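# Observations on the model geometry
Residues per chain are reported as follows:
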There are 2 protein chains.
Amino acid sequence: MRVEVFTVDDMPRINEGDDLARLILERVRLEDNDILAIASSVVAKAEGRVRNLSEITPSAEAYRISRKLDEDPRFVEAVLEESCEILIESPFILVRRPDGHVCVNAGVDRSNIEEGKIILLPRDPSASAARIRSRIYESTGRRVSVIITDTNGRAFRVGQTGLAIGTSGISSTRNWVGLRDLFGNVLTITNEAIIDEIAGFANLMMGEGDGGTPAVVIRGLSLFEDVDAFHEIIRDEHEDMILRALRR
Amino acid sequence: MRVEVFTVDDMPRINEGDDLARLILERVRLEDNDILAIASSVVAKAEGRVRNLSEITPSAEAYRISRKLDEDPRFVEAVLEESCEILIESPFILVRRPDGHVCVNAGVDRSNIEEGKIILLPRDPSASAARIRSRIYESTGRRVSVIITDTNGRAFRVGQTGLAIGTSGISSTRNWVGLRDLFGNVLTITNEAIIDEIAGFANLMMGEGDGGTPAVVIRGLSLFEDVDAFHEIIRDEHEDMILRALRR
């Protein structure tokens, strides 16, 4: 198998109301079965998910946590408003978002935005992915998969990796249940999180900082499926041993 | 940026003593800066890291845990012998290995091996990677990076992904500290775990089961560095909030 992965170069700075699908299609010719990975930050900006810190009034809880972290209480307030559960308060804020996604700072970001502003995650990243996929189909007739990516830390290991926070047109996992290996044994690895494996590599291609590029095309994997299945990657909270340990 | 990722096809079944570098070089022409990802299972087989279950005598602890899991006590014994700390005993065994790598079943695997046998992880995966890298340099004069991959579950999310369990010729992370974003803000994301982002995508390309291929080449990333730096990706155990929560 041979796969090509390339960045969508020379994208402009994104502002509220920008048509991301159009901006991407002006720069690359997509083909059927391409996977388009887009950084959540530009999706959020196009959707106006930007707040001025000066317009945020911190709650008592935001003040309390901000003192533990030596952090701007308005930033903490924005994090709390995006969260449904706080798992760790310090030395960083690890939260569960309403869609079940667990991440630091609820994904609220101060990078790649003017000082004094913050970028929230898209309100419903899979809905954003579905809209972009539809726009591409309407414009070009091409059936592509869309993955919205974000950068996340993880347990046990140093460094952040890209993860999928919303998808359209691709299954979340590839199911190996019942398949047999080279020797006829039933496989014990049953479910591969393909959207995260793709998001991680796309994240590496995107880079960070002022040389970064917010969109990447993966060509040759042929994983297109006409589904919106992102939620399947969120582990049931009652079955998550690590979530339970953090709640103790 | 444009990257090519391709599988090393038609690899034979691997046995103890096989020269993996030679088998790969017979099938692909490597170039400077290529990244070669190899599944830990074939590295382990080439190194004779295979045990017969019939030759394992379970300890009392292996019997105790095996009853909770309805598992073969000889398999559990092999897992315990590969581990220095048990973090979760059931419904699955999550351990810390002597090199700090945290994984289910200590990476001991019953897939892709004859019934009655198990595959351990390579004894020192980064040393394995360094040997393969040296062999390639000696044979071809090419400077490549080598990543040994394994498949791992993770907290909060469904599905396994590929991770690096040993490397040679590549840094573990890409450091963004002090870099500025498009707007001149110092980046808050400081460290990207590039070896895991690469290992994940390589894992997807490898597949599982009898159609799987154990080696993948990533061409175009230019991340070669003459270092053996795998250990840098293992988080200091005293700083790991989730490890601490599991130990409570």
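Residues numbered from 1 in each chain as written. Chains lettered and ligands numbered in written order. Predicted model: local features only at pLDDT ≥ 70, side-chain atom pairs only at ≥ 80, totals over all residues. Heavy atoms only, no water.

Per an unreviewed UniProt entry, the recorded name for chain A is Coenzyme F420-0:L-glutamate ligase, and the organism is Candidatus Syntropharchaeum butanivorans.

Glancing now at unusual backbone geometry. Residue and element names in this part refer to chain A. Cis geometry is adopted by the peptide bond preceding Pro91, which originates at Ser90 and carries an omega value of 10 degrees. Among the secondary structure elements, Pro91 is positioned in the loop between strand S4 (85-88) and strand S5 (94-96). With a phi close to 55 degrees, Asp70 is a non-glycine residue in the positive phi region. Note on placement: Asp70 falls in the loop between helix H3 (60-69) and helix H4 (73-81). A positive phi is found at Asn105, a non-glycine position, where the angle reads about 60 degrees. Note that Asn105 resides in the loop between strand S6 (102-104) and strand S7 (117-119). (Helix = DSSP H or I, 4+ residues; strand = E, 2+ residues; numbered from the N terminus.)

Once turned by 180 degrees and shifted 0.0 Å along the axis, chain B lies on chain A with an RMSD of 0.0 Å. Expressed as an axis order, the relation between the two copies is that of a two-fold axis. Distance from the rotation axis, computed per C-alpha, reaches its smallest value in chain B at B:Glu4: 2.4 Å. In this assembly the copies share their binding face: 100% of the residues contributing to the interface of chain B also contribute to that of chain A. (Least-squares fit on C-alpha atoms with pLDDT ≥ 70 in both. Contact = heavy atoms within 4.5 Å.)

Attention now goes to the interface of chain B and chain A. Opposite the 78 residues of chain B that make contact, chain A presents 78 residues. Together, B:Phe156, B:Arg157 and B:Leu204 form the three largest contributors to the area buried by chain B at its contact with chain A, with a combined 12%. Put simply, chain B and chain A have six salt bridges between them. Among the salt bridges present, the one from B:Asp196 reaches A:Arg157, with a minimum N-O distance of 2.8 Å. In this structure, the connection of chain B to chain A is made through 41 residue pairs in polar contact (both at pLDDT 80 or more). Sorting the residues of the side of chain B that touches chain A by element identifies strand S1 (2-7), strand S9 (161-168), strand S11 (191-192), helix H6 (194-206) and helix H7 (241-247) of chain B as the ones contributing at least two each. Here the side of chain B that touches chain A gets nine residues from one element, more than from any other, and that element is H6(B). (Buried area = accessible area lost by both parts, 1.4 Å probe. Salt bridge = Lys/Arg side-chain N within 4 Å of Asp/Glu carboxyl O. Polar contact = N/O pair within 3.5 Å; in protein donor to acceptor, adjacent residues only side chain to side chain.)

Moving on to the domain arrangement of chain A. All names here are of chain A. Domain parsing of chain A yields domain 1 (1-48 + 121-234) and domain 2 (50-120). The centre of domain 1, based on its C-alpha atoms, is set 25 Å off from the matching centre of domain 2. Listed per partner, the contact involves 12 residues of domain 1 and 13 residues of domain 2. Summed over both sides, the interface of domain 1 with domain 2 buries roughly 1,100 Å², with 53% coming from carbon and sulfur. Sorting the residues of domain 1 by area buried against domain 2 places Lys45, Leu121 and Ile234 first, and these three jointly supply 50% of that buried surface. (Domains from an automatic or database assignment.)

Attention now goes to the pattern of salt bridges. All names here are of chain A. Tallied over the entire structure, the rule returns 50 salt bridges over all chains. Salt-bridge contacts for Asp32 lead to Arg142; the nearest nitrogen and oxygen are separated by 3.9 Å. A residue pair is termed long-range when its members are at least 10 positions apart, and Asp32 in the loop between helix H1 (20-25) and strand S2 (35-39) and Arg142 in the loop between helix H5 (125-140) and strand S8 (145-152) qualify at 110 residues. Classification of Asp32 by relative accessible area gives partly exposed; the value is 34%. Linked through salt bridges whose partners overlap, the residues forming this network are Glu61, Arg64, Lys68 and Glu89. (Buried < 20%, exposed > 50% of the residue type's maximum accessible area, 1.4 Å probe, protein only.)

Let's shift gears to the sheet that holds S6(A). All names here are of chain A. Strand order in the open sheet made by the three strands is S4-S5-S6, with antiparallel pairing throughout. Either end of the sheet is taken by a strand with one partner, and the two such strands are S4 and S6. Strand-to-strand twist of the sheet, defined as the mean angle between neighbouring strand axes without regard to direction, takes the value 30 degrees. Sheet topology places S5 next to S6; three bridges connect them, and they run antiparallel. Bridged to Leu94 within S6 is Val104. (Pairing = 2+ DSSP bridges. Axes fitted to C-alpha atoms, helices over the stretch in contact; angles between N-to-C directions.)

Residue and element names in this part refer to chain A. By the element assignment, Glu85 lies in strand S4. Sequence spacing of Glu85 and Gly116 is 31 residues, and the spatial spacing of their C-alpha atoms is 26 Å. If near-sequence neighbours (up to four positions away) are discounted, Glu85 is found in contact with Leu94, Val95, Arg96 and Arg247.

Locating B:Thr173 in the fold gives a position in the loop between S9 and strand S10 (174-175). Taking the relative accessible area as the measure of exposure, B:Thr173 reaches 16% and is therefore buried. Here the side chain of B:Thr173 touches B:Asn191 through a polar contact of 3.0 Å, side chain to side chain. Sequence-distant contacts of B:Thr173, that is, excluding residues within four places in its chain, are made with A:Val158, B:Asn191, B:Glu192, B:Ala193, B:Ile194 and B:Ile233.

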